[in-house]
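Overview (structure and organization)
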Amino acid sequence: MSWAAHDLEPYVIQKELGKRVAFVPLLIGSYAPDLASKWFVYGVTLVGVELKADNPAQFHRGWPGFGFTHSLTFGVVIGLMLYAIWRNEVVAYSFVIGQWAHALTDVGDTVGTMLLFPFTDHLFAAGAWAYAGQTGRYTDAGAYFSGLGFAWDGVFVVWALLSWRVITRGYFRTTVMAADPFWSWAGRYLSETTLVALYRVSYFYGIARWTAWLIWAHVVKSFAFDLRWGGPRWVPRVYARELNAAPSCRCPGCCSMKPRLGFYGAVAVCAWAKGHSGSVRELLRAAPRRNRARRRRRALKKQ
Amino acid sequence: MRRDGSPSDLRAGLAAGRRELALYLAAGVLYVAIGVSFPEFMFSWVVAAAFLVVCVVVVPAVVRRLGSRERA
């Protein structure tokens, strides 16, 4: 899981895609996978009764559980539903982009996400930082901001700062409002200053929260930094192999993760891309001519 | 000004909204201070949104109104 990346991804994407995306569905998409499940992972106490998943990691990322919200298909299904309701393809695919960004970012921890669900319940995990949601939110925060997770979020903080143009008022007026119907609707009730503040909330939240959690974890508390792959090792971690039926899965998605098949797949994709790219084809056609010219020059030198 | 509505460079951007930037920075520093003291405060996006709107919209509006009333 990521703590600030999901807040900042939409701004980075907005910077890259400009008027081609609608910001609000992009942001909702970026939060969507955790919206319905995160509270139950950490647990809440209501009228003296504690509500918490028996197996938080399984509930959050696995199947059976709410792990399907972190699959690419979930984004497409909700995107299609949004399209059916609003008949606006920009709103639909903006949600899909946001949700995919979330699902792909969460691949970084030791549990990973079921990207190809329902075709397989395999959890794709890079294992760079520890998944420790089952330990409660404070220990999870301390662990996340002591391992590579905070560095990953730091990448998004820097990227978001470099994308500062997207949070300017002029950009909001010219690009964000033009592409997203939400803002013109909200503009009927709220002033532009309020709209701009609301547009900037996640940017503010992501950067301020990242800073505050870092200070809390290492100044107020004394969680030890452990920047090793899969760290910090001092926290009880959950691994993808402990959930679902991953080891016995024989689907093409899982099999392609095997190095040889993955390599062949990558070669096939490169070959296909080269064949379909006009510029590359021209380059390939030009290459023998260049060689011929080189050979001619060498022959002339010899003479 | 660029075609997407953003300023041509960072200096121009800062010059255009210096007061606004100061407000947001102050809100950020306050948020971090409260968050470090009471981490529970940082778990909710809704709380952050309300906090930001109060800091950069409501408080300046109230101060402006009080200022104009005093002048009158």
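This structure is a prediction, so every number in the text was calculated from the model and none was measured.

1. A word on the nonpolar core
By size, the foremost hydrophobic cluster in this structure holds 70 residues, and its most contacted members are Trp3, Phe145, Trp183, Tyr199 and Trp213 of chain A together with Tyr31 and Val56 of chain B. At 16 residues, the largest contribution of residues to this core is made by helix H11 (residues 192-220) of chain A. When neighbours within four sequence positions are excluded, Trp213 of chain A is seen to be in contact with Trp3, Tyr138, Ala141 and Phe145 of chain A together with Pro39, Met42 and Phe43 of chain B. In terms of nonpolar packing, the next biggest core, distinct from the first, is built from 5 residues, Leu72, Ala103, Val107 and Phe124 of chain A among them.

2. A few points about the side chain of Thr194 of chain A
Relative to the elements of secondary structure, Thr194 of chain A occurs in helix H11. Relative accessible area serves as the criterion here: at 12%, Thr194 of chain A is assigned to the buried category. Excluding anything up to four places from it in sequence, Thr194 of chain A contacts Val53 and Val57 of chain B.

3. Some details on helix H7 (residues 137-144) of chain A
Residues lying three or four places apart along an α-helix face the same way, a consequence of the helix completing one turn every 3.6 residues. For H7 of chain A, the complete set of buried residues consists of Asp140, Ala141, Gly142, Ala143 and Tyr144 of chain A. The secondary structure elements touched by the buried residues of H7 of chain A are helix H3 (38-42), helix H8 (148-162) and H11 of chain A.

4. Things to note about the interface of chain B and chain A
With 29 residues of chain B in contact, the opposing surface of chain A contributes 31 residues. Sorting the residues of chain B by area buried against chain A places Met42, Phe43 and Trp45 of chain B first, and these three jointly supply 25% of that buried surface. Counting every contact that joins chain B to chain A gives 3 salt bridges. Of the charged contacts, one joins Arg169 of chain A and Glu20 of chain B as a salt bridge, the two residues approaching to 2.8 Å between their closest N and O atoms. Taken together, the links from chain B to chain A amount to 12 residue pairs in polar contact (both at pLDDT 80 or more). Per element, the largest residue contribution to the side of chain B that touches chain A is 8 residues, and it comes from helix H3 (residues 45-71) of chain B. For the side of chain B that touches chain A, a count of residues per class yields 18 nonpolar, 5 polar and 6 charged.

5. Section: the domain arrangement of chain A
According to the domain assignment, chain A contains domain 1 (5-250) and domain 2 (262-302). A C-alpha centroid distance of 42 Å is found between domain 1 of chain A and domain 2 of chain A.

6. Brief notes about the packing of aromatic side chains
In the structure shown here, the tally under the stated rule is 41 aromatic pairs over all chains. The interplanar angle of 75° and the centroid separation of 5.3 Å between the aromatic rings of Tyr144 of chain A and Phe145 of chain A together place this pair among those described as edge-to-face. When sorted by exposure, Tyr144 of chain A lands in the same class as Phe145 of chain A, which is buried. Its end group placed over the ring of Phe43 of chain B, Arg137 of chain A keeps NZ or CZ at 4.2 Å from the ring centre. Stacked on the ring of Tyr239 of chain A, the Lys or Arg Arg241 of chain A has its end atom at 4.4 Å from the ring centre.

7. Regarding a nonpolar patch on the surface
A cluster of nonpolar side chains, contributed by Val54, Val58, Val59, Val62, Val63 and Leu66 of chain B, occupies part of the molecular surface with about 470 Å² of accessible area. With respect to the helices and strands, Val58 of chain B occurs in helix H3.

8. A word on a positive patch on the surface
Residues and elements named next belong to chain A. Together, Arg294, Arg295, Arg297, Arg298, Lys301 and Lys302 make up a region of like positive charge exposed at the surface. Position of Arg294 relative to the elements: it lies in helix H14 (residues 278-302). Classification of Arg294 as partly exposed rests on a relative accessible area of 38%.

9. Re the environment of Leu161 of chain A
All names here are of chain A. Within the fold, Leu161 resides in helix H8. Separated by 46 residues in the primary sequence, Leu161 and Ile207 have C-alpha atoms spaced 8.9 Å apart. If sequence neighbours within four positions are ignored, Leu161 has contacts with Tyr203 and Ile207.

10. Things to note about the pattern of salt bridges
Residue and element names in this part refer to chain A. Inspection of every chain in the model, using the stated rule, returns 10 salt bridges over all chains. Between Asp109 and Arg61 there is a salt bridge, with the nearest N and O atoms lying 3.0 Å from each other. Pair noted here: Asp109 is in the loop between helix H6 (89-105) and H7 and Arg61 is in helix H4 (residues 56-61), with a separation of 48 residues, a long-range link. What makes Asp109 buried here is its relative accessible area of 0%. Arg61 gets classed as buried once you look at its relative accessible area, which sits at 0%.

11. Brief notes about the environment of His218 of chain A
Residues and elements named next belong to chain A. Within the secondary structure, His218 sits in helix H11. For His218, a relative accessible area of 21% corresponds to the partly exposed category. Expressed as a C-alpha distance, the spacing of His218 and Phe145, which sit 73 residues apart in the sequence, is 8.5 Å. If we ignore the near neighbours within four places in the chain, the residues touching His218 are Phe145, Ser146, Phe223 and Phe225. Among the polar contacts listed, one links the side chain of His218 to the backbone oxygen of Phe145, at a separation of 2.7 Å.

Criteria and thresholds
Residues numbered from 1 in each chain as written. Chains lettered and ligands numbered in written order. Predicted model: local features only at pLDDT ≥ 70, side-chain atom pairs only at ≥ 80, totals over all residues. Heavy atoms only, no water. Core = buried A, V, L, I, M, F, W, Y, C linked by side-chain atoms within 4.5 Å. Buried < 20%, exposed > 50% of the residue type's maximum accessible area, 1.4 Å probe, protein only. Helix = DSSP H or I, 4+ residues; strand = E, 2+ residues; numbered from the N terminus. Contact = heavy atoms within 4.5 Å. Buried area = accessible area lost by both parts, 1.4 Å probe. Salt bridge = Lys/Arg side-chain N within 4 Å of Asp/Glu carboxyl O. Polar contact = N/O pair within 3.5 Å; in protein donor to acceptor, adjacent residues only side chain to side chain. Nonpolar A, V, L, I, M, F, W, Y, C, P; charged D, E, K, R; others polar. Domains from an automatic or database assignment. Phe/Tyr/Trp six-rings, centres within 6.5 Å; stacked < 30°, edge-to-face > 60°. Lys NZ or Arg CZ within 6 Å of the ring centre and 35° of its normal. Patch = residues over 30% accessible without salt bridge, like charges linked within 9 Å, V, L, I, M, F, W, Y side chains within 5 Å. Areas by Shrake-Rupley, 256 points an atom, 1.4 Å probe, with all protein chains shown as cover. Lys, Arg positive; Asp, Glu negative; His and termini not counted. Charge placed at Lys NZ, Arg CZ, Asp CG, Glu CD.

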